[in-house]
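Spelled out from the first residue to the last, the chains are:
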Amino acid sequence: MTIKSLYGTETMPQARVSQFFAGPMKGLGAVLKRLSADPSSCFGLVVVVILVLCAILAPWIATHDPNLVDLPNALRAPDAANWFGTDELGRDIFSRIVYGTRITLSIIALVSIVVGPVGLLVGTTAGYFGGWCDTVMMRITDIFLSFPGLILSLAFVAALGAGLENAIIAIALTSWPPIARLARAETLTFRSADYISASRMQGASSLRIIVKSIMPMCLPSVLVRITLSMATVILTAAGLGFLGLGAQPPLPEWGAMIATGRRYMLDSWWLVAFPGAAILLVSLAFNLLGDGLRDALDPKQR
Amino acid sequence: MTHERLYAGARQAATILVTLFGLLVLTFCIGRLMPVDPVRAIIGEEADPATYNMVAERLGMDRPIYEQFLRYLGDILTGNFGVSIRTGQSVISDIAHVMPATIELATFAIICGAGLGIPLGILAAVRRNTVIDHVIRVVTLLGHSMPIFWIGMIGLIVFYAALGLVGGGGRMSDYNIGLVPETTGFLLIDAAMAGDWEVFRDALNHLVLPASILGYSSMAYITRMTRSFMLDQLNQEYVVTARVKGLSNSRTVWHHAFANIRVQLVTIVALAYGSLLEGAVLIETVFSWPGFGQYMTNNMLVGDMNAVMTCVLLVGIIFIFLNLLSDVLYKIFDPRTR
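From a predicted model like this one, the values you see are computed outputs, not experimental measurements.

Each value, and the rule that gives it
Residues numbered from 1 in each chain as written. Chains lettered and ligands numbered in written order. Predicted model: local features only at pLDDT ≥ 70, side-chain atom pairs only at ≥ 80, totals over all residues. Heavy atoms only, no water. Helix = DSSP H or I, 4+ residues; strand = E, 2+ residues; numbered from the N terminus. Buried < 20%, exposed > 50% of the residue type's maximum accessible area, 1.4 Å probe, protein only. Contact = heavy atoms within 4.5 Å. Areas by Shrake-Rupley, 256 points an atom, 1.4 Å probe, with all protein chains shown as cover. Buried area = accessible area lost by both parts, 1.4 Å probe. Salt bridge = Lys/Arg side-chain N within 4 Å of Asp/Glu carboxyl O. Polar contact = N/O pair within 3.5 Å; in protein donor to acceptor, adjacent residues only side chain to side chain. Nonpolar A, V, L, I, M, F, W, Y, C, P; charged D, E, K, R; others polar. Axes fitted to C-alpha atoms, helices over the stretch in contact; angles between N-to-C directions. Parallel < 35°, antiparallel > 145°, perpendicular 65-115°, else oblique. Left-handed = near helix turned anticlockwise from the far one by under 90°. Core = buried A, V, L, I, M, F, W, Y, C linked by side-chain atoms within 4.5 Å. 1 Å grid on protein atoms, 1.4 Å probe; cavity = no way out; pocket = protein on both sides within 12 Å on 5 of 7 lines; lining within 4 Å. Points joined across faces, edges and corners; volume = space filled by probe spheres on them. Phe/Tyr/Trp six-rings, centres within 6.5 Å; stacked < 30°, edge-to-face > 60°. Patch = residues over 30% accessible without salt bridge, like charges linked within 9 Å, V, L, I, M, F, W, Y side chains within 5 Å.

**A few points about the overall build of chain A**
From N to C terminus, chain A includes 13 helices and zero strands. Counted from the first residue to the last, chain A has its helices and strands arranged as α-α-α-α-α-α-α-α-α-α-α-α-α. Per-residue burial over chain A gives 52% buried out of 302 residues. Looking at chain A alone, contacts between residues at least 24 apart form 71% of all its contacts between residues at least 6 apart. Total accessible area computed for chain A in this model is approximately 13,800 Å², and 68% of it derives from carbon and sulfur atoms.

**Side note on the overall build of chain B**
In terms of regular secondary structure, chain B is built from 13 helices and zero strands. Listing each helix as α and each strand as β along chain B from the N terminus yields α-α-α-α-α-α-α-α-α-α-α-α-α. Overall, the C-alpha framework of chain B stretches about 85 × 65 × 40 Å when taken along its three principal axes. Here chain B holds 338 residues, and 44% of them are scored as buried.

**Overview of the interface of chain B and chain A**
Counting residues at the interface gives 43 residues for chain B, matched by 41 residues for chain A. For the chain B and chain A pair, buried surface summed over both sides reaches about 3,800 Å², with 78% attributable to carbon and sulfur atoms. Where chain B meets chain A, there are two salt bridges. Residue Arg137(B) is joined to Asp291(A) by a salt bridge in which the shortest nitrogen-to-oxygen separation is 3.7 Å. Between chain B and chain A we count seven residue pairs in polar contact (both at pLDDT 80 or more) in total. Taken together, the elements giving at least two residues each to the side of chain B that touches chain A come down to α1 (2-33), α6 (131-145), α7 (148-162), α11 (249-286), α12 (292-302) and α13 (305-333) of chain B. Counted by class, the side of chain B that touches chain A contains 30 nonpolar, nine polar and four charged residues.

**Quick look at the side chain of Thr86(A)**
Residues and elements named next belong to chain A. Tracing the backbone shows Thr86 in the loop between α5 (58-61) and α6 (93-129). Overall, Thr86 belongs to the buried group, its relative accessible area being 1%. In this view, Thr86 contacts Asn73, Ala74, Leu75, Arg76, Arg91, Asp92, Ile93, Trp270 and Leu271; residues no more than four positions away in its chain are not counted.

**Looking at the environment of Val25(B)**
Here Val25(B) lies in helix α1. Note: C-alpha distance between Val25(B) and Ile320(B) (295 residues apart in sequence) is 15 Å.

**A look at the packing of helix α4 (residues 39-56) of chain A against helix α13 (residues 270-297) of chain A**
All names here are of chain A. The N-to-C vectors of α4 and α13 enclose an angle of 130°; their axes lie 7 Å apart at closest approach. Between α4 and α13, the crossing angle belongs to the class labelled oblique. For the element pair α4 and α13, the recorded crossing hand is left-handed. Contact residues: Ser40, Ser41, Phe43, Gly44, Leu45, Val47, Val48 and Leu51 in α4; Leu281, Val282, Leu284, Ala285, Phe286, Leu288, Leu289 and Gly292 in α13.

**With respect to the nonpolar core**
Ranked by size, the top nonpolar core spans 153 residues in total, and within it Phe286(A), Phe149(B) and Phe292(B) carry the most contacts. With 20 residues, helix α11 (residues 206-243) of chain A is the single largest residue contributor to this core. Contacts of Phe292(B), omitting those with residues within four sequence positions, involve Ile95(B), Val98(B), Met99(B), Thr102(B), Leu277(B), Glu284(B), Cys311(B), Leu314(B) and Val315(B). With five residues, the next largest nonpolar core counts Ala58(A), Ala62(A), Val98(A) and Tyr99(A) among its residues.

**Things to note about unusual backbone geometry**
All names here are of chain B. You will see that Asn129, though not glycine, has its phi angle at about 60°, which is positive. Residue Asn129 is classed as exposed on the basis of its relative accessible area of 55%. The phi dihedral of Ser288 is positive, around 45°, even though this residue is not glycine. Looking at where Ser288 falls in the secondary structure, it is placed in the loop between α11 and α12.

**Brief notes about the packing of helix α8 (residues 149-160) of chain A against α1(B)**
One can describe the packing of α8(A) onto α1(B) by two numbers: an axis separation of 7 Å at closest approach and a directional angle of 35°. Taken together, the residues of α1(B) that come into contact with α8(A) (itself represented by Leu152(A), Ala155(A), Phe156(A) and Ala159(A)) are Leu26(B), Ile30(B) and Leu33(B). Classifying every residue of the contact of α8(A) with α1(B) gives seven nonpolar, no polar and no charged.

**A few points about empty space enclosed by the protein**
Residues and elements named next belong to chain A. The full count for this structure, using the stated rule, is three cavities of 30 Å³ or more. In this structure, the largest cavity encloses a volume near 60 Å³. As for the largest cavity, its lining consists of Thr104, Ile107, Ile234, Ala237, Ala238, Glu253, Trp254 and Ile279. Listed by contribution, the elements that provide at least two residues to the lining of the largest cavity are α6 and α11. A per-element tally of the lining of the largest cavity places α11 first, with three residues. Size it by volume and the second largest cavity reaches roughly 40 Å³. In this structure, the second largest cavity is lined by Ile107, Leu164, Ala167, Ile168, Ile171, Ala237, Gly246, Ala247 and Glu253.

**Section: the environment of Ile157(B)**
Among the secondary structure elements, Ile157(B) is positioned in helix α7. Through-space distance from the C-alpha of Ile157(B) to that of Thr51(B) is 51 Å; in sequence the pair is 106 residues apart. What Ile157(B) contacts, discounting residues up to four positions off in sequence, is Met265(A), Leu266(A), Trp269(A), Val272(A) and Ala162(B).

**Here's the deal with the packing of aromatic side chains**
All names here are of chain A. All chains considered together, the criterion is met by 14 aromatic pairs over all chains. On the basis of an interplanar angle of 5° and a centroid distance of 4.1 Å, the ring pair of Phe84 and Phe274 is categorised as stacked. Of this pair, Phe84 sits in the loop between α5 and α6 while Phe274 sits in helix α13, placing them 190 residues apart in sequence. Judged by its relative accessible area of 24%, Phe84 falls in the partly exposed class.

**Comments concerning a nonpolar patch on the surface**
Residue and element names in this part refer to chain A. Nonpolar side chains collect at one region of the surface, where Val49, Val52, Leu53, Ile56, Leu57, Trp60 and Ile61 lie side by side and expose about 640 Å² of accessible area between them. Counting residues per element, the ones that place at least two in the nonpolar patch are α4 and α5. If one sorts the elements of the nonpolar patch by residue count, α4 sits on top with four residues. Here Val52 is to be found in helix α4.

See the structure below:
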């Protein structure tokens, strides 16, 4: 029996494909079990689940129309009718926060969809090929890393123009370098592993090796890193909204809500207190969840 | 040996030059991408095409893009950062004017942050997995997760509006503005030099809230790093040896373990000091603090190209410099890296 028929083209790709999806996911049950054993990551998980539910079920959870202007009821303190009070146009703050979860969640989702693959691709390519390719790519990464995230995002938004879409693009542009760095470091550790050499000897192309053999190995740590960076992404998005460069006012984005509430805050504290508490809660949840995931996936780290 | 070190030094210098060049490319791209037409910003919407072309020619906007970049490069190398369209003054003198306010704020913040963060981090490491460790972990996690502009507002609502303990926005009360001659730009130093302790107290009163909130956010980072450095050391064999020798716990921690993390701590504090710029952008907006952060955001909002490009460039240079500093410190103080 030749090696080719043992690890032939029929069986191997399938195994790899299922490994690609199942490898990190097969352990999901075990990971969830570990997470639920730790109270703080459990809290993080619950908050994230609530966030998702709020976004999906917003019309049923919200008590009012988030955009309904009701001037006679403007700036009302929290009471039974308006749980978190009303803003300067009489809109219900609780309902606006509930609808705001949709914006927060879409920012998170879009940023991860862009940042994960880009970071993985840059990092694994640089790590696998080494040499000039590595040097050039890591130099570019370093230039991006030499800025604090918020300031670089600010600069990009200033260049692209204010708005939610541009804020998302700017945040994505600034969030991929740490992931590329991580993926590169991971790639370097098993670039010369036997199974890579084996698939190279079988004649697999570089692209095939990177996508099918290296990327799946990097996936768990990249997922943890993305979860941890979600907290920063939320804070940056809220900061951009607050400065007037992110989501624009009629949208119930939490940072923008705080920015408009700022003028009334000394008399009507609830305009800024509740949206800010929502931001704090969600970013805290992602931090806790990320810490828990790291412990669950890689017990060596602690 | 000396050859090797020379080579390593040259390599590092080359790396920095390449990074600086990349930074310039980045700021140039940001400047060119900006939706504001720099010619229109100077002459206004109503000017006729002849004037437009004349100004465009004088600005070099009609040249091909690589020529514009070379011109930008030359300008930067000769120290010509252009004129701010918003204020009509040279960007560099504008920045020199606003920088002391930010440095004053950041310095107080880092004193709070490092002064609290390092002892807390060591305490958490020494009392690992006890209630103290968990409490410190929650405090630092909150510091990591809070939106700093929101905490600033809550601070204003509670300590300024409700309790009246601190001053509100700005660097001093309105009635004190202009009383002290501006010599250094650092209000506290200026007031002390003029001997006007009334203004000094007022300035301190305005400084304490934004600085402690900024300090809290850097404390969170410093505590976390100190804890992990300290844990690394406490797991080493020499610590066990020291304990076996019969040294007291405090002597083991302070004379042995702490001595070994000092360099790491200095670099962490230096990086945290730089990162305060990021928090300063938001906190200065909340407290109407006339510093670098507010200057930058105001210019971004109106699309003042020269000012934005220079601010971004400056932040990048500060961070490259801080990274270099931490590398050099490591090499000087840690013989193993030589």
